[in-house]
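Below are the chains, spelled out letter by letter.
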Amino acid sequence: MDRRSFLKAVSFGIAGLTTSPFAATKRAHAKHSLSDDFVAVLVDTTRCIGCRSCEEACAEAHHLPIPDVSDDSVFEKERQTSTSQLTVVNRYRTEKGDIFVKKQCMHCNEPACAAACLVKAMQKRKEGPVTWQDNCMGCRICMVSCPFDIPKFEYNSWNPRIQKCDFCWERLMRGEEPACVEACPQEALVFGKRKELIEEAKRRIYQNPDKYYHHIYGEHEVGGTGWLYISAVPFEQIGFKTDVGTTAYPEYTKGFLYAVPFVLILWPAFLTAIRSLTKAEEE
Amino acid sequence: MKRKSHERKGDDAVRYVAVIFGICVAILICGRAIVVLPQDAPEVVTLDTLSKRYEPVTFPHMLHVDVIESCEECHHAPSGEISACSECHTTPLDPENRSKLGLKGAYHLQCVGCHQDSQSGPTRCADCHQRKDVKSIGTRKLEAR
């Protein structure tokens, strides 16, 4: 190898290494611009009366055991979603009275679970929902990566699945609203495009500044989520994590992950180039 | 609330006459035309436009005419006319105009909201609706699977 080709190889290598982070950020921006078109649900916790119709409708839509919604004893302790209950309503006692909050997958704009999944079983659909498919290999990394502790694994099954809210993907494909939204008697859940629902949430806060706490949970949390909440009290009082930050979780690892293939290809190429150069000099 | 529906029949007549009398006096005093007289208003309204899990609601309209001062508190149409909820509130809610409630939300927020604020009247689902046998719906679907 002559000097010119050696320098060429090295300069290409440096160019590759420096442009890779730009490539990563470019992709990230493209995703953000898509998020306006994502479907979303606005949850107005001031309207929820804890009737649990959403839980019932969800169970029905997903062929899971129907919960007894007349049993109020479930509110005594905070519940988490499970493999048989993809959504749960919890009651929080606050200075503004009892507040009921529905919990389910938040359908992040850039979901950590989908980024972490090795086999793309967890997917962010271009319409917005985060769905799970049965090519899952059961590694459960999605469960660890989720900032909201949502995916649940069927430990007791011979053919275990990850269970979580799928935004009623099948119903969406049929042109229907999610089952919980349809069932909500109080219109505490409103389905629509994310951008429009943020506008609607802002309108409600703006028109009733004393009624609402001035924040839309999910607008910026973990890079934005598909489920948006408004509330009369600060969100930490009603069971929300307020320390999750506004950076999408995949962003934390993206730079490193995009660098890996470049390092793996260019570092050996660089060493080979040096070796052939020095070898040529010896001859 | 259920208790009232049984007891009400007895003193209904008295109440009815009292309401009519009151309104006649009101007309005489105010001398203004009232588009809908409460005696023309229905005694009981059956709300059955949306009922998947629950039986239709039998709404004791006259009872509310009795306790609520003004018709406009519920029939809050901007035109001032007394019209049914469903004439403005659509099913499902209009995605172009989310600030206006859908019919289901209008019913429930009106009823439950007022009952909560005044701390009287039912606020739980089964207090107004008879439940349909939902479990059987679930079982059918499970079998179908």
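In this text the structure is predicted, and so the values were computed from the model without any measurement.

What counts as what
- Residues numbered from 1 in each chain as written.
- Chains lettered and ligands numbered in written order.
- Predicted model: local features only at pLDDT ≥ 70, side-chain atom pairs only at ≥ 80, totals over all residues.
- Heavy atoms only, no water.
- Helix = DSSP H or I, 4+ residues; strand = E, 2+ residues; numbered from the N terminus.
- Buried < 20%, exposed > 50% of the residue type's maximum accessible area, 1.4 Å probe, protein only.
- Contact = heavy atoms within 4.5 Å.
- Areas by Shrake-Rupley, 256 points an atom, 1.4 Å probe, with all protein chains shown as cover.
- Buried area = accessible area lost by both parts, 1.4 Å probe.
- Salt bridge = Lys/Arg side-chain N within 4 Å of Asp/Glu carboxyl O.
- Polar contact = N/O pair within 3.5 Å; in protein donor to acceptor, adjacent residues only side chain to side chain.
- Nonpolar A, V, L, I, M, F, W, Y, C, P; charged D, E, K, R; others polar.
- Pairing = 2+ DSSP bridges.
- Axes fitted to C-alpha atoms, helices over the stretch in contact; angles between N-to-C directions.
- Phe/Tyr/Trp six-rings, centres within 6.5 Å; stacked < 30°, edge-to-face > 60°.
- Patch = residues over 30% accessible without salt bridge, like charges linked within 9 Å, V, L, I, M, F, W, Y side chains within 5 Å.
- Expected span 1.5 Å × (residues − 1).
- Arc of directions from axis to C-beta.
- pLDDT = per-residue confidence, 0-100.
- Core = buried A, V, L, I, M, F, W, Y, C linked by side-chain atoms within 4.5 Å.

Colleague: Can you tell me about the overall build of chain B, naming the residues and giving the values?
Modeller: Regarding its fold elements, chain B presents six helices and two strands. Going from the N terminus to the C terminus, chain B shows its helices and strands as α-β-β-α-α-α-α-α. Relative to its 145 residues, chain B shows a buried fraction of 26%. Taking the intrachain contacts of chain B between residues at least 6 apart in sequence as the baseline, contacts between residues at least 24 apart amount to 41%. Only carbon and sulfur atoms are counted for the fraction: they give 57% of the accessible area of chain B, which is about 9900 Å².

Colleague: Explain the interface of chain B and chain A to me, using residue names and the numbers behind them.
Modeller: Where interface size is given, it is often the accessible area lost as the parts come together that is meant. Contacts between the two partners involve 26 residues from chain B, matched on the other side by 26 residues from chain A. Where chain B abuts chain A, roughly 2300 Å² becomes buried across the two surfaces, and 49% of that area is made up of carbon and sulfur atoms. Taken as a group, Arg53, Arg98 and Arg124 of chain B account for 27% of the area that chain B buries against chain A, more than any other trio of residues on that side. Along the contact surface separating chain B from chain A lie three salt bridges. Inspection of the region where chain B meets chain A yields nine residue pairs in polar contact (both at pLDDT 80 or more). For the side of chain B that touches chain A, the secondary-structure elements that each account for two or more residues are α4 (103-118) and α6 (134-144) of chain B. Top contributing element to the side of chain B that touches chain A by residue count: α4 of chain B, with seven residues. Taken together, the residues that form the side of chain B that touches chain A break down as 10 nonpolar, seven polar and nine charged.

Colleague: Tell me about the sheet that holds strand β9 (residues 227-230) of chain A, and please be specific about residues and values.
Modeller: Picture the strands of a sheet paired through backbone hydrogen bonds; they go either parallel or antiparallel. Residue and element names in this part refer to chain A. The three strands lie next to each other as β8-β1-β9, forming an open sheet whose pairing is mixed. Only two strands of the sheet have a single partner each, and these edge strands are β8 (189-193) and β9. Averaged over all neighbouring strand pairs, the angle between strand axes comes to 25°, with direction disregarded. In this sheet, β8 lies alongside strand β1 (residues 39-44) in antiparallel orientation, the contact comprising five bridges. If you follow Ala40 over to β8, its bridge partner there is Gly192.

Colleague: Can you break down the packing of aromatic side chains residue by residue, with the values?
Modeller: For any two aromatic rings, the description comes down to two numbers: the centre-to-centre distance and the angle of the planes. This model, assessed by the stated rule, comprises 11 aromatic pairs over all chains. Counting every residue linked through ring pairs, the aromatic cluster contains Tyr213, Tyr217, Tyr229, Phe235 and Phe240 of chain A.

Colleague: Explain the pattern of salt bridges residue by residue, including any values.
Modeller: Residues and elements named next belong to chain A. The full count for this structure, using the stated rule, is 18 salt bridges over all chains. Across the pair Glu55 and Arg52 runs a salt bridge, and its minimum N-O distance is 3.1 Å. Like Glu55, the residue Arg52 is buried in the burial classification. Each of Asp44, Arg47, Glu200, Arg203 and Arg204 takes part in salt bridges that share partners, so that together they form one network.

Colleague: With reference to specific residues and values, describe a nonpolar patch on the surface.
Modeller: Nonpolar side chains collect at one region of the surface, where Val263, Trp267, Leu271 and Ile274 of chain A lie side by side and expose about 360 Å² of accessible area between them. Given the relative accessible area of 31%, Ile274 of chain A is considered partly exposed.

Colleague: Describe helix α7 (residues 194-207) of chain A, listing the residues and the values that go with them.
Modeller: Residues spaced three or four apart along an α-helix point in a common direction, a consequence of the helix completing one turn every 3.6 residues. All names here are of chain A. Taking 1.5 Å of rise per residue, 14 residues should cover 20 Å, and α7 covers 20 Å from first to last C-alpha, within 8% of that figure. Every buried residue of α7 is accounted for by Arg194, Leu197, Ile198, Glu200, Ala201, Arg204 and Ile205. The arc that holds every buried residue of α7, seen down its axis, measures 160°, which confines them to one face. Those residues of α7 that are exposed and aimed more than 90 degrees away from the buried face are Tyr206 and Gln207. On its buried face, α7 sits against β1, β8 and β9.

Colleague: Hey, could you go over the pairing of strand β3 (residues 97-103) of chain A for me, with residue numbers and the actual values?
Modeller: All names here are of chain A. Across seven bridges, the pairing between strand β2 (residues 88-94) and β3 is antiparallel. Bridge pairing links Arg91 to Phe100 in β3. What sits between β2 and β3 in their antiparallel hairpin is a turn of two residues.

Colleague: Quick rundown of the environment of Pro268 of chain A? Include the residues and the values.
Modeller: Residues and elements named next belong to chain A. Mapped onto the secondary structure, Pro268 falls in helix α8 (residues 249-282). A relative accessible area of 39% places Pro268 in the partly exposed class. Sequence separation between Pro268 and Lys126 is 142 residues; the distance between their C-alpha atoms is 37 Å.

Colleague: Before we move on, can you summarise the confidence of the model for chain A with the specific residues and values?
Modeller: All names here are of chain A. Considering every residue of chain A, the mean pLDDT works out to 88; 87% of them sit at 70 or more. When mean pLDDT is taken per element in chain A, β9 scores highest with 97 and helix α1 (residues 3-34) scores lowest with 53. Low pLDDT, under 50, characterises residues 17-31; the predicted model gives this stretch 10 contacts beyond four residues in sequence or across chains.

Colleague: An account of the environment of Met143 of chain A is needed here, citing residue identities and associated values.
Modeller: Residues and elements named next belong to chain A. Considering the arrangement of structural elements, one finds Met143 in helix α4 (residues 141-145). With relative accessibility at 19%, the residue Met143 sits in the buried group. In sequence terms Met143 and Lys241 are 98 residues apart; their C-alpha atoms lie 16 Å from each other. Those residues in contact with Met143 that sit more than four places away from it in its chain are Pro151, Lys152, Phe153, Tyr155 and Ile162.

Colleague: An account of the nonpolar core is requested, with residue identities and associated values reported.
Modeller: All names here are of chain A. Of all hydrophobic cores here, the largest spans 36 residues; its most connected members are Val41, Phe148, Leu189, Tyr217, Trp227, Tyr229 and Ile238. Broken down by secondary-structure element, the contributors of at least two residues to this core are β1, β2, β3, α5 (169-173), α6 (179-183), β8 and β9. Excluding anything up to four places from it in sequence, Val41 contacts Phe167, Val181, Leu189, Val190, Phe191, Leu197, Gly226, Trp227 and Leu228. The next biggest cluster of nonpolar side chains, apart from the first, holds 12 residues, and it includes Leu42, Ile205, Ile216 and Ile230.

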